[in-house]
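Notes for the structure review
The lines below spell out each chain.
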Amino acid sequence: MNKAQLLKGLLEGCILKIISQEETYGYVITEALNEYGFKDLNEGSIYPVLIRLEKKGYVTSESRKSELGPRRKYYKISPKGRDELESFGRLWEDISVTVNRILKGGVIHE
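Residues numbered from 1 in each chain as written. Predicted model: local features only at pLDDT ≥ 70, side-chain atom pairs only at ≥ 80, totals over all residues. Heavy atoms only, no water.

The next thing to look at is the overall build of the protein. When helices and strands are counted, the protein shows four helices and three strands. If you line up the protein on its principal axes, its C-alpha atoms span 65 × 30 × 20 Å. Expressed as a percentage of its 110 residues, the buried residues of the protein come to 30%. Sequence separation of at least 24 residues holds for 49% of the intrachain contacts in the protein that already meet a minimum separation of 6. Total accessible area on the protein is roughly 7900 Å²; 54% of this is exposed by carbon and sulfur atoms. The protein carries 18 positive and 16 negative side-chain charges, and their two centres are separated by 3 Å. (Helix = DSSP H or I, 4+ residues; strand = E, 2+ residues; numbered from the N terminus. Buried < 20%, exposed > 50% of the residue type's maximum accessible area, 1.4 Å probe, protein only. Contact = heavy atoms within 4.5 Å. Areas by Shrake-Rupley, 256 points an atom, 1.4 Å probe, with all protein chains shown as cover. Lys, Arg positive; Asp, Glu negative; His and termini not counted. Charge placed at Lys NZ, Arg CZ, Asp CG, Glu CD.)

Listed below in structure tokens is the structure:
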């Protein structure tokens, strides 16, 4: 299985969670994901997800001047995004329990 395909949907939920904790920008989101264990991710793979989240209305953005260089685009979760994050959490819980049960051999054959 292609890791990138599996990550695509998961990243949206993980990024929403990071943004829900504080308004932030792409580099910080990438660093947080790397620290959590998504070691292969870079900003180039995060920005398409952020654009998708914004188009869906899950986040809003605002361009702000940076003291360290070019303007930065800050992202903030929307009420619709909070609802989506809650749904993602429930779905992930269900899926992870099921997949773990299967991988650990807990499937009952009839």
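We now examine the nonpolar core. Among the nonpolar cores identified, the biggest contains 19 residues, and I15, I19, I29 and L33 are the most heavily contacted of them. Of all elements in the fold, only α1 (3-21), α2 (26-36), α3 (43-55) and β3 (69-77) reach the threshold of two or more residues within this core. With six residues, α1 is the single largest residue contributor to this core. Not counting chain neighbours up to four residues away, the residues in contact with I19 comprise T24, I29, L50, V59, Y75, K76 and I77. (Core = buried A, V, L, I, M, F, W, Y, C linked by side-chain atoms within 4.5 Å.)

Below, the discussion takes up the pairing of strand β2 (residues 59-66). Judged from the seven bridges that link them, β2 and β3 form a sheet pairing that is antiparallel. Looking at the pairing, S63 lines up with K73 of β3. Between β2 and the antiparallel strand that follows it, β3, lie two residues. (Pairing = 2+ DSSP bridges.)

Taken as a whole and assessed by the stated rule, the structure comprises one aromatic pair. Summarising the aromatic geometry, the rings of Y25 and Y74 are spaced 5.1 Å apart at their centres and angled 65° between planes, so their arrangement reads as edge-to-face. Here Y25, found in strand β1 (residues 24-25), pairs with Y74, found in strand β3; they are 49 residues apart in sequence, far enough to count as distant. Summarising the burial analysis for this pair, Y25 and Y74 share the class buried. The ring of Y74 carries R64 above its face, with NZ or CZ at 4.4 Å from the centroid. (Phe/Tyr/Trp six-rings, centres within 6.5 Å; stacked < 30°, edge-to-face > 60°. Lys NZ or Arg CZ within 6 Å of the ring centre and 35° of its normal.)

With that settled, consider the sheet that holds β3. Taken together, three strands build an open sheet; the order of strands is β1-β3-β2 and the sheet is antiparallel. With one partner strand each, in any of the chains shown, β1 and β2 form the two edges of the open sheet. Of the pairings in the sheet, the one linking β1 to β3 comprises two bridges and is antiparallel in character. Counted as the bridge partner of T24 is Y75 from β3.

Between α2 and α3, the shortest axis-to-axis distance is 9 Å and the interhelical angle comes to 115°. In terms of axis orientation, α2 runs roughly perpendicular to α3. Viewed along their axes, α2 and α3 form a crossing whose handedness is right-handed. In this structure, α2 contributes G26, Y27, I29, T30 and L33 to the contact, and α3 contributes E43, I46, Y47 and L50. Split into classes, the residues belonging to the contact of α2 with α3 amount to six nonpolar, two polar and one charged. (Axes fitted to C-alpha atoms, helices over the stretch in contact; angles between N-to-C directions. Parallel < 35°, antiparallel > 145°, perpendicular 65-115°, else oblique. Left-handed = near helix turned anticlockwise from the far one by under 90°. Nonpolar A, V, L, I, M, F, W, Y, C, P; charged D, E, K, R; others polar.)

Okay, α2 next. Count 3.6 residues to each turn of an α-helix, and residues three or four apart come out pointing the same way. Within α2 the residues assigned to the buried category are G26, I29, T30, A32, L33 and N34. Directly beyond the C-terminal end of α2, a positive phi value near 130° is found at G37.

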